[in-house]
Amino acid sequence: MSTRSSIRFSWRDINRFLKGSRLLFVFGFVLGMVDAAAQCAVPVFFRFVINSIESDAALFVREQLGWTIGAGAVLLVLFLPAAYFFHVFFFVSVMRFCRNLQVELYRHVQRLSVDFFQRFQVGEINARLNGDIETICGSAGMLSFILVWGPGMIIYSFTMMFIINAKLAWLALVMLVAVSAITAWAMPSLKRWNREVRDASGQVSATITEYVGLYGLLKAFSREDHAEQRVSRMSDDLLHSRERLTWLQNLFTDFMQTLTRFVAPLAILFVGALWISEGNLRTADLVAFWGYWLQLGGLATGLVMAFSALMATIASLDRVIAFFRESPMVVDRDQPLDLGEVRGHLEFRDVAFKYPVFGSGEEEGPVLREIRLTIQAGEKVAIVGPSGAGKTSLLMLAMRFYDPDEGSIYLDGIDIRDVKQGDLRCRLGMVMQDSLFFAGTIKDNLLLAKPEASEGECWAALEAANAAGFVREFPAGLDTEIGERGARLSGGQKQRLAIGRAFLKNPSILLLDEPTSALDAKSEQHVKDALNRLLKGRTSVIVAHRLSTVIDSDRIVVMDKGRILAVGNHETLQHDCPLYEGLCRAQGLV
């Protein structure tokens, strides 16, 4: 999903990312002005030489040639280091700005609520975190041209042109104002077209990222052709946007080049020649004036082309700032309470919840209604029911990925909205049906739970999780690379590693979402043994479809259509709850 909005950024948006680069930018700006001044001295230098030769060539050679060559050498000495350090300082300052921008954007995205990641595809987020910031970083040369060198050249050149001949300078200024007015008129359209291209590019990136991650599913259903057709169709849309931008952008730039490179210089030449014939202008003055306009004409052409490219940069910056304007739905209090030592008493008090709807989606009804449930410290509670009953949503609220629309959730008598999210989640452990891992070693993934854990603690956690055996079989042991999302591990190995990670975290409350449903019988037994050790002495909430895995729970909560129908143990529920009895019968437990 892309955000096509009229978001505008301000200097305040940009200034916050200039840390470590402000001084370099200032030095670069000063040196850029020196560079522009050195280049602007060349036409007036030629004017002096030509006027001197016209007046008395012999006198010039005899008395002025030496110091003229010296003045030229001084200009060279000024120009080379000024130009070099101007470019280096400015480029480095932009690179540091982009580094700060990328790090801060990632930090901001990480702090957003779960709904953000449901509204935006991974590829789109990646496109803004990487592609758009690369576009901004690649604009360093163009920005130095537009912000520093170009304005300096304009100021210096027109100052000298007015000194040489004010009337001719006014003519040049009128033509430059005309060029600027046309550019200002075209900029909004150029920005809009560039934004459309960046949005289309982000959508293609998001789709490709999604399909690459689902390569196994596509192959299993022999639907590679479907993915290829969709990528091809979206790439065609992107190509159409790029082609339209190319046609229109080049129409603009070439028209402007015609004005600056042909119409304007010929007008100056003809008017200047007329004034020379009338004795109102010297030849050397026209030569110098011509030199300044050639500089300004090249500058104007460069600025026009740079402004066209600048629109792509502004579009990218717009997309990045749009993410910064995103706010989390779940927010901590200004003065959160300290949880302290957690016993594990969990209470859902009159909780109702429905998932937020964005865009043009139809409003959906609540997925949880009037949930009243108290879980004692150390109690093992199972949540069962048909698909769509709201079981996993209950765990989502307990982790505070969302806040309930009505009612409250209490941990040891404290409303979880009154404590910091990070403090809450440090006390909770979660093992899901499809446990997640990042590309790295086994040890790297274990340390996610406890960064300061020793190697001995890692092995102890793996032993408790029935995972030490298979880890020792790997030649590299804890340093074994497991691939992206744990691709080199089997389903049972991943679940046992996830349980080992939970052991290392040592949470007060455990939330388990179908931890054994996708495993074969042998792997399931290994995982169940590990879970029994993990759950001992802890408050645990287990979502399960396979009732055989939870019949020994202290209590079983039966849910349907977002409501709690019954609470009891396995024996009483078979007699008192028709829905539970039907589930047991379907699974051969009656």
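So, here is what we can say about the structure in this document. This structure is a prediction, so every number in the text was calculated from the model and none was measured.

**Structural notes on helix H10 (residues 391-398)**
Burial analysis of H10 places six of its eight residues in the buried class, which makes it a mostly covered element. Among the residues making up H10, those that are buried are Lys391, Ser393, Leu394, Leu395, Leu397 and Ala398. Trailing H10 by a residue or two, Arg400 shows a phi angle of about 60°, which is positive.

**Things to note about the side chain of Thr539**
With respect to the helices, strands and loops of the structure, Thr539 is situated in strand S8 (residues 539-543). Here the side chain of Thr539 touches Gly344 through a polar contact of 2.8 Å, landing on its backbone oxygen. Thr539 has contacts with Arg343, Gly344, Ile375, Gln376, Ala377, Gly378, Glu379, Ser508, Ile509 and Leu510, leaving out every residue within four places of it along the chain.

**Concerning the sheet that holds strand S3 (residues 380-384)**
Strands sit in the order S6-S7-S8-S3-S9-S10 across an open sheet of six strands; the sheet is mixed. Strands at the two margins of the open sheet, each flanked by one partner only, are strand S6 (428-431) and strand S10 (563-568). Going across the sheet, the axis of each strand differs from the next one's by a mean of 20°, ignoring polarity. One ladder, built from four bridges, connects S3 with strand S9 (residues 555-560); its direction is parallel. Residue pairing for S9: Ala382 is matched across the bridge by Ile556. Along the sheet, H10 contacts S3, S6, strand S7 (509-513), S8 and S9; its crossing angle with S7, the most-contacted strand, is approximately 150°.

**Some remarks on the side chain of Ser316**
By secondary structure assignment, the location of Ser316 is in helix H9 (residues 283-324). Assessed through its relative accessible area of 0%, Ser316 is described here as buried. In terms of polar contacts, Ser316 uses its side chain to reach the side chain of Asp132, at 3.1 Å. With near-sequence residues (within four places) excluded, Ser316 lies in contact with Asp132, Thr135, Ile136 and Arg198.

**Brief notes about the packing of aromatic side chains**
According to the stated counting rule, one finds 14 aromatic pairs in the structure shown. Arranged with centres 5.2 Å apart and planes meeting at 90°, the rings of Phe116 and Phe117 form a pair that is edge-to-face. An angle of 80° between the planes, with centres 5.0 Å apart, marks the rings of Phe120 and Phe323 as edge-to-face. Of this pair, Phe120 sits in the loop between helix H3 (114-119) and helix H4 (122-137) while Phe323 sits in helix H9, placing them 203 residues apart in sequence. By relative accessible area, Phe120 is classed as buried at 2%. Judged by relative accessible area, which is 0%, Phe323 ranks as buried. Each member of the aromatic cluster is reached from another via a ring pair, and the members are Phe27, Tyr84, Phe85 and Phe89. It is Arg349 that lies over the ring of Tyr410; its NZ or CZ is 4.1 Å from the centre.

**Observations concerning the sheet that holds strand S5 (residues 414-415)**
Spatially, four strands are ordered S2-S1-S4-S5 in an open sheet, and the strand pairing comes out antiparallel. Either end of the sheet is taken by a strand with one partner, and the two such strands are strand S2 (368-375) and S5. Of the pairings in the sheet, the one linking strand S1 (residues 346-353) to S2 comprises five bridges and is antiparallel in character. Directly across from Phe353, in S2, lies its bridge partner Leu368.

Reading the values: rules and limits
Residues numbered from 1 in each chain as written. Predicted model: local features only at pLDDT ≥ 70, side-chain atom pairs only at ≥ 80, totals over all residues. Heavy atoms only, no water. Buried < 20%, exposed > 50% of the residue type's maximum accessible area, 1.4 Å probe, protein only. Helix = DSSP H or I, 4+ residues; strand = E, 2+ residues; numbered from the N terminus. Polar contact = N/O pair within 3.5 Å; in protein donor to acceptor, adjacent residues only side chain to side chain. Contact = heavy atoms within 4.5 Å. Pairing = 2+ DSSP bridges. Axes fitted to C-alpha atoms, helices over the stretch in contact; angles between N-to-C directions. Phe/Tyr/Trp six-rings, centres within 6.5 Å; stacked < 30°, edge-to-face > 60°. Lys NZ or Arg CZ within 6 Å of the ring centre and 35° of its normal.

These values are about where atoms sit, not about what they do.
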